[in-house]
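What the coordinates show
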Amino acid sequence: MADKRRAQTKALVRSEENLTQMAYRKIKEMMLNYDIIPGQRLVFVDLAKRLGVSRTPVNNALSILANEGFLDFVPNQGYKVHEITPEEANALYEIREIIELGAIGQAIRKLTSEKLDLLKRQKSLYEKAVLEQISRGRFTLDQEFHACYVQMAENPYLTDYFREVYQRIFLRHRIEGLPAGRAREVVLEHSELFKAISLKDVESAKELIKYHIKAGKEYIFSAIFS
């Protein structure tokens, strides 16, 4: 009987953990899709109903997201989506540059035709999104273009850290009010960077990465911190 109760308890715990993971994933997807925006207050009941779960896994998921810096807990109000500060953005862009510059040499040394084809595909997906005027989705596609060559260095930790840093930037700032035109500049910058990588020109690739990150940072800062 005791063994049966322990087994049932373990099953309940696993079920609760699975629901928490599902809620975490779905809430983050809502942030990626801009269904939840920076500064927005989150209501437990609404989220639980939307996700089809009880309040407990939602509360657990929100707690995890708060610990990761994507949400803020406000006493007597609950959680709201964190809005990035200039200080945070500066620090994150600095880390992003360190990761990409640190990875690109190794990525080029380990370059294969298969890896280059994959990078070309990621570049094309971003270009297609620009032509179709996809807004929020462009950030995800831009992330994956850069993550692709970071991943080519064959250090999974670097790729994970890169995605985390990138998301800490773009999931925490609003996109309304961003001026048009930058996306087409990004297309050109991606193309130049792809060309340098395909030619195995490490120094040119590094300079292009630095320029691209600087231009992106200035674009975001001029729009949301002006």
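The rules we used
Residues numbered from 1 in each chain as written. Predicted model: local features only at pLDDT ≥ 70, side-chain atom pairs only at ≥ 80, totals over all residues. Heavy atoms only, no water. Helix = DSSP H or I, 4+ residues; strand = E, 2+ residues; numbered from the N terminus. Areas by Shrake-Rupley, 256 points an atom, 1.4 Å probe, with all protein chains shown as cover. Lys, Arg positive; Asp, Glu negative; His and termini not counted. Charge placed at Lys NZ, Arg CZ, Asp CG, Glu CD. Contact = heavy atoms within 4.5 Å. Axes fitted to C-alpha atoms, helices over the stretch in contact; angles between N-to-C directions. Parallel < 35°, antiparallel > 145°, perpendicular 65-115°, else oblique. Left-handed = near helix turned anticlockwise from the far one by under 90°. Pairing = 2+ DSSP bridges. Salt bridge = Lys/Arg side-chain N within 4 Å of Asp/Glu carboxyl O. Phe/Tyr/Trp six-rings, centres within 6.5 Å; stacked < 30°, edge-to-face > 60°. Buried < 20%, exposed > 50% of the residue type's maximum accessible area, 1.4 Å probe, protein only.

The next subject is the overall build of the protein chain. Across its full length, the protein chain carries nine helices and two strands. Counting from the amino terminus, the protein chain carries its helices and strands in the arrangement α-α-α-β-β-α-α-α-α-α-α. With respect to the principal axes defined by its C-alpha atoms, the protein chain has extents near 65 × 45 × 30 Å. Looking at the protein chain as shown, the accessible area adds up to about 12,500 Å², and 52% of this sits on carbon and sulfur atoms. Positive and negative side-chain charges in the protein chain, numbering 35 and 31 respectively, have mean positions lying 6 Å apart.

A few words on the side chain of Arg96. Along the chain, the position of Arg96 falls in helix H4 (residues 86-109). Beyond its immediate sequence surroundings of up to four residues, Arg96 is in contact with Asp142, His146, Phe162, Val165, Tyr166, His212 and Ile213.

What follows concerns the packing of H4 against helix H7 (residues 156-170). In contact at an axis separation of 10 Å, H4 and H7 are set at 150° when each is read in the N-to-C sense. With respect to their mutual orientation, H4 and H7 come out roughly antiparallel. H7 is crossed by H4, and the crossing has left-handed handedness. Taken together, the residues of H7 that come into contact with H4 (itself represented by Leu92, Tyr93, Ile95, Arg96, Ile99, Glu100 and Ala103) are Leu158, Tyr161, Phe162, Val165, Tyr166, Arg168 and Ile169.

One ladder, built from four bridges, connects strand E1 (residues 71-74) with strand E2 (residues 78-81); its direction is antiparallel. Residue pairing across strands places Val74 opposite Gly78, the latter belonging to E2.

Our next topic: the pattern of salt bridges. Oppositely charged side chains may form a pair once their charged atoms are brought near each other. Tallied over the entire structure, the rule returns twelve salt bridges. In this structure, Lys110 and Glu154 form a salt bridge, with 3.6 Å as the shortest nitrogen-oxygen distance. Taken together, the positions of Lys110 in the loop between H4 and helix H5 (113-131) and Glu154 in the loop between helix H6 (136-151) and H7 put the pair 44 residues apart, joining distant regions of the chain. In this structure, the salt-bridge partner of Glu218 is Lys214, at a minimum N-O distance of 2.7 Å.

Here we come to the packing of aromatic side chains. As enumerated under the stated definition, the model contains seven aromatic pairs in all. When the centroid spacing of 5.1 Å and the interplanar angle of 65° are considered together, the rings of Phe73 and Tyr79 count as edge-to-face. On the accessibility criterion, Tyr79 (9% relative accessible area) is buried. Where Phe145 meets Tyr149, the ring centres are 5.9 Å apart and the plane angle is 85°; that geometry is what we call edge-to-face. Of the two residues, Phe145 and Tyr149 both sit in helix H6, four residues apart, roughly one turn of that helix.

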